[in-house]
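# Summary of structural features
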Amino acid sequence: MANLRETGLVLDPKYDAAGLITAAVTDAASGALLMIAHMNAEALALTIETREVHFWSRSRASLWKKGETSGNVLKLVELRIDCDQDAVWVSASPAGPTCHTGAPSCFYRKVASDGALERIA
């Protein structure tokens, strides 16, 4: 018998014990990975409703709209959910740098073969 969460067409997110799902955010134009964050049910609903990306901040224990203080909002282009509905892929159009450090992406360093970090953006 097929699992309707995995094969059906009804949005039914499977949140973890903390009420969160992982959200991977990519740039709709370039495909670059911008950030990884978490959403609770309210953040997901607000993202769908407003077309601006919202998250749940685990460190602040609060809801936040990306860019609400910096102006660097993420405009939702497309939202996908994975096969078992416990992670989302957010394709977005960034209004500026995504990372709080000012880098275009939160993934602006790579790990070299010796374990050292190298800046790439």
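Residues numbered from 1 in each chain as written. Predicted model: local features only at pLDDT ≥ 70, side-chain atom pairs only at ≥ 80, totals over all residues. Heavy atoms only, no water.

### Observations regarding the layout of surface pockets
Empty space within the largest pocket amounts to approximately 510 Å³. Together, 22 residues line the largest pocket, and M35, R60, W64, K66 and H100 are the ones closest to its centre. For the lining of the largest pocket, the secondary-structure elements that each account for two or more residues are strand 2 (33-39), strand 3 (54-57) and strand 4 (62-65). By residue number, the principal contributor to the lining of the largest pocket is strand 2, which donates four residues. (1 Å grid on protein atoms, 1.4 Å probe; cavity = no way out; pocket = protein on both sides within 12 Å on 5 of 7 lines; lining within 4 Å. Points joined across faces, edges and corners; volume = space filled by probe spheres on them. Helix = DSSP H or I, 4+ residues; strand = E, 2+ residues; numbered from the N terminus.)

### Overview of the UniProt feature "domain: Phosphoribosyl-AMP cyclohydrolase" (unreviewed entry) in the protein
Here the UniProt-annotated "domain: Phosphoribosyl-AMP cyclohydrolase" (unreviewed entry) positions come out as residues 35-108. With 14% helix and 39% strand, the stretch residues 35-108 has end C-alpha atoms that lie 10 Å from each other. (UniProt positions renumbered as here; feature names shortened; annotations may be inferred.)

### A look at unusual backbone geometry
Of note in this structure, R51 is not a glycine but carries a positive phi near 65 degrees. Tracing the chain through its elements places R51 in the loop between helix 2 (41-50) and strand 3. When its relative accessible area of 41% is taken as the criterion, R51 is described as partly exposed. In this model, Q85 sits at a positive phi of 60 degrees, which is unusual for a non-glycine residue. Here Q85 shows up in the loop between strand 5 (74-81) and strand 6 (87-94). (Buried < 20%, exposed > 50% of the residue type's maximum accessible area, 1.4 Å probe, protein only.)

### Let's talk about the packing of aromatic side chains
A complete count under the given rule lists one aromatic pair for this structure. Pairing F55 with W64 gives two aromatic rings, centres 5.2 Å apart and planes at 40 degrees, and the pair type is tilted. Both residues of the pair, F55 and W64, count as buried. Cation over ring: R60 sits above W64, and NZ or CZ is 5.3 Å from the ring centre. (Phe/Tyr/Trp six-rings, centres within 6.5 Å; stacked < 30°, edge-to-face > 60°. Lys NZ or Arg CZ within 6 Å of the ring centre and 35° of its normal.)

### Quick notes on the environment of K14
Along the chain, K14 turns up in the loop between helix 1 (4-7) and strand 1 (21-27). As for K14 and K65, which are separated by 51 residues in sequence, their C-alpha atoms are 22 Å apart. Residues in contact with K14, not counting those within four places in the same chain, are R5, I21, D84, Q85 and D86. (Contact = heavy atoms within 4.5 Å.)

### Comments concerning the sheet that holds strand 5
Spatially, the four strands line up as an open sheet ordered 2-1-6-5, and their pairing is mixed. If you trace the sheet from one side to the other, it starts and ends with strand 2 and strand 5, each paired once. Direction aside, neighbouring strands of the sheet carry axes that sit 25 degrees apart on average. Here strand 1 pairs with strand 2 via six bridges, running antiparallel. Paired with A23 across the bridge in strand 2 is A37. (Pairing = 2+ DSSP bridges. Axes fitted to C-alpha atoms, helices over the stretch in contact; angles between N-to-C directions.)

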